[in-house]
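Remarks on the overall topology
For reference, the chains in residue letters:
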Amino acid sequence: MKYIIVTGGVMSGVGKGIIASSIGTLLKSCGIHVTSIKIDPYLNIDAGTFSPYEHGEVYVLDDGGEVDLDLGNYERFMDVTLHSVNNITTGKIYQEVINRERRGDYLGKTVQVIPHITDAIQDWVERVAKQPVSDDGVQPDVCIVELGGTIGDIESMPFVEAFRQFQFKVKKENLICAHVSFILQPGATGDDKTKPTQASVRELRGLGLTPDLIICRSTKPCNNVEQVKKKISTFCDVALKQVLFMHDLDSIYKVPLFMEKQGALEFLLDRLSLPINITFNQIFMKQWKKLSDKIDYSQKTIKIALVGKYTQLSDAYASVSRALTHAGANINHKVDITYVEAANLENDTKISNPVGYHEAWQKLCRSDGVIVPGGFGTRGVEGKIEACRWCRETRKPFLGICLGMQTAVLEFARNVLHIENAETTEINLNAKEPLIVEMPEHCPENKGGTMRLGKRTTIFKNNSSFSNIYKLYGRRQQIEERHRHRYEVNLDYVERVEQAGLKFIGVDTEGKRMEICELENHPYFVATQFHPEYLSRPLKPSPPFLGLMLASCGKLKSYLENECRLTPDESCSEDDSEDILMKIQDLIVTSSNEKKVNGNSNGFSNDLL
Ligand code: GLN
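Residues numbered from 1 in each chain as written. Predicted model: local features only at pLDDT ≥ 70, side-chain atom pairs only at ≥ 80, totals over all residues. Heavy atoms only, no water.

**A closer look at the overall build of the protein**
Put simply, the rule reads: Working definition: helices are DSSP H or I runs of at least four residues, strands are E runs of at least two. Numbering for both runs from the N terminus. Radius of gyration here is computed from C-alpha atoms only, and the compact-globule reference equals 2.2 Å multiplied by the residue count raised to the power 0.38. With a 1.4 Å probe rolled over the protein chains alone, any residue whose accessible area is under 20% of its type maximum counts as buried; one over 50% counts as exposed, and the rest are partly exposed. Residues count as neighbours in contact if any of their non-hydrogen atoms are within 4.5 Å of one another. The Shrake-Rupley method, run with a 1.4 Å probe sphere, supplies the accessible areas, and residue values consider only the shown protein chains as cover. Asp and Glu count as negative and Lys and Arg as positive, but His and the ends of the chain are not part of the count. A charged residue contributes its charge at one atom only: NZ of Lys, CZ of Arg, CG of Asp or CD of Glu.
Counting secondary structure elements, the protein contains 21 helices and 21 strands. Over its C-alpha trace the protein gives a radius of gyration of 25 Å, about what one expects of a compact globule, namely 25 Å for 609 residues. For the protein, the spread of C-alpha atoms along the three principal axes comes to 70 × 65 × 60 Å. Out of the 609 residues belonging to the protein, those deemed buried represent 59%. Considering only intrachain contacts with a sequence separation of at least 6, the fraction spanning at least 24 residues in the protein is 74%. When the accessible area of the protein is evaluated, it comes to approximately 25300 Å², of which 49% is carbon and sulfur surface. Computed over 72 positive and 80 negative side-chain charges, the inter-centroid distance for the protein is 3 Å.

See below:
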């Protein structure tokens with residue numbers, strides 16, 4: 001097992017996660033099985049109780065783990081399925097050690113940060129690194145470990161010390177340390193300042209870790225790359241080829257390509273003695289480049305209004321925004337997301353904040369399609385209901401997710417069924433007409449880990465033949481998507497809602513939980529209780545999002561009539577992406593089978609290398 005430890009210097013929030021994921025993409029492009037572990041040195045056990053304003057969205061895994069959004073980047077960039085153990089927090093480590101202490105495992109010894117906490121960290125990493133994360137069930141060859149925060153933070157010290165020890169345990173030739181730093185570019189002088197990077201590398205070395213790669217983030221490209229490279233190489237005691245640059249790029253999908261161009265892949269393969277499968281690499285990178293080009297050069301743009309509550313921080317809707325990009329790129333369109341503050345759509349705002357009110361409505365009316373994503377609490381719910389009404393009445397393409405489905409049902413009940421008091425018990429516990437109710441499993445005293453979480457099955461009912469979403473999912477009988485909710489549609493109202501035209505076409509395996517609803521006689525009005533955004537991948541867009549994008553550019557009907565393909569005049573003429581994808585799939589299957597049969601640690605027969 002090879003390890004790549006990714007640390008941060010100078011400051012946080014410079015895209016360490018994207019760089020770490022891109023390293024994963026590059027290795028995966030060689031047919032190497034890669035996994036990843038994200039370390040968040042805070043004391044929370046998991047990210048489940050975070051406000052999206054703190055750290056951006058809470059990302060949900062198949063197993064129901066509520067984790068840092070960086071795990072989403074790993075899953076998307078490396079097309080893997082991670083588990084909640086792939087996200088370590090200080091809280092989790094301490095909990096484990098304290099539980100052991102209570103059990104008497106330490107035989108009366110004093111339990112200390114070193115060695116007990118640092119040992120627990122190393123054991124955790126070694127154990128989790130071996131867990132398969134791809135469909136073929138093969139044990140990974142490389143584990144990328146991203147240490148959150150910045151070198152020097154008090155909270156991350158035990159982790160740094162653990163890795164200092166770990167490099168001897170697993171041997172230095174099996175471990176790389178990549179340090180992501182930042183080059184300051186003060187406007188006045190126009191210089192590229194490397195001093196903070198030098199200081200953070202010195203600090204890293206002082207703690208016992210030597211950087212093998214220094215990745216210099218910056219806002220703009222450096223003025224004189226060679227000169228800056230030389231300076232860092234001299235002062236940080238690394239070879240020139242160990243210094244990489246990464247200025248802000250137009251899209252995150254360019255990051256692996258830009259790293260490859262600078263020789264990152266060769267360095268990694270050489271330093272870790274990993275083999276390269278040239279054929280696989282070429283096909284994979286070609287496909288990745290095509291995706292990145294499509295995002296860049298697509299001429300047409302689809303305007304999507306996202307009606308949410310945390311619109312000040314786009315990271316709060318990171319997966320939704322990525323899922324829209326993936327869907328757009330796959331149909332050769334760019335997506336332009338406008339964030340609309342839900343509360344500003346409400347009638348009361350007309351008087352209290354008329355400018356905000358009219359701006360919000362203008363944004364909504366100017367969009368080609370609308371998405372109402374998940375959310376919690378009271379604020380903005382009435383505004384979301386207004387957005388649903390407007391989409392239903394004006395036949396605007398609409399996708400509601402989780403709370404977005406609940407508001408679509410409430411709107412329908414109020415304005416079509418004329419149940420004026422239709423409410424959710426999330427807002428009014430004593431609702432007279434509780435269309436949306438708490439699930440029995442939910443325990444209100446304790447907010448952590450009490451939701452219906454993770455991957456669950458949805459069965460399409462036999463009323464689905466009219467449905468767009470059923471066709472978009474490939475007319476499958478059942479699908480699996482990830483969940484995160486406490487409330488659900490009240491079964492007592494289902495029949496009335498359906499009779500009036502809002503059909504629940506997907507339900508859980510017991511038929512008791514409404515999972516998907518769709519409006520008849522509307523170009524695209526789909527809402528899901530699950531969160532399809534978590535399973536969207538750059539090369540495999542999520543069907544509900546694809547449907548929204550297609551409907552928003554008027555191509556959904558022809559796409560569905562053409563067996564879920566764009567008609568030739570709508571797709572790029574040289575588009576061979578499906579062929580390429582199939583080749584990749586073939587190669588993956590071949591290589592995994594060979595690995596299983598030959599026991600070859602790299603998974604490839606020699607003629608493929
Ligand atoms: N607040 C709603 C619930 O708990 C919706 C949750 C969500 O949108 N993720 O059911």
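**Some details on the side chain of Arg537**
With respect to the helices and strands, Arg537 occurs in the loop between strand S21 (525-528) and helix H19 (543-552). Setting aside anything within four residues of it in sequence, one finds Arg537 in contact with Tyr59, Glu75, Arg76, Asp79, Val80, His326 and Arg482.

**A word on the site of the ligand**
What counts is decided by this rule: Note on terminology: near, applied to a residue and a molecule or strand, indicates that one of the residue's heavy atoms is within 4 Å of it. Polar contact criterion, stated in full: a pair of N or O atoms within 3.5 Å, where within protein one must be able to donate a hydrogen and the other to accept it, and residues adjacent in sequence count only if both atoms are side-chain atoms. Only protein atoms enter the calculation, which uses a 1 Å grid: trapped sets of points that fit a 1.4 Å probe without letting it out are cavities, open sets showing protein on both sides within 12 Å along at least five of seven lines are pockets, and any residue with an atom within 4 Å of a point is a lining residue. Just a note on the criterion: a molecule sits in a pocket or cavity if more than half of its atoms are within 2 Å of the grid points. Polar here means any residue outside two lists: the nonpolar Ala, Val, Leu, Ile, Met, Phe, Trp, Tyr, Cys and Pro, and the charged Asp, Glu, Lys and Arg; Gly therefore counts as polar.
By nearness alone, every residue bordering the ligand is listed as Gly374, Gly375, Phe376, Cys402, Leu403, Gln406, Glu426, Arg484, His485, Arg486, Tyr487 and His531. Contacts to the ligand include Arg484, whose backbone N or O atom sits 2.9 Å from a nitrogen atom. His531 is positioned such that a nitrogen or oxygen atom in its side chain is 3.1 Å from a nitrogen atom of the ligand. The fraction of the free accessible surface of the ligand (300 Å²) that becomes covered by protein chains is 99%. More than half of the atoms of the ligand fall within 2 Å of the grid points belonging to the largest cavity. Residue assignment for the shell around the ligand shows that the elements contributing at least two residues are helix H16 (403-415) and strand S17 (478-485). Looking at the shell around the ligand residue by residue, the classes come out as four nonpolar, five polar and three charged.

**Examining the layout of surface pockets**
Note the cut-off: Grid points are joined across faces, edges and corners, and a volume is the space filled by probe spheres set on the points.
Space inside the second largest pocket adds up to approximately 1300 Å³. Lining the second largest pocket are 49 residues, and of these Gly15, Ile18, Asn73, Asp315 and Arg322 lie nearest its centre. Contributions of two or more residues to the lining of the second largest pocket are made by helix H1 (16-28), strand S2 (34-40), helix H2 (52-55), helix H3 (70-78), strand S9 (243-247), helix H11 (278-297), helix H12 (318-330) and strand S11 (333-341). Looking at the lining of the second largest pocket, the element that brings in the most residues is H12, giving six residues.

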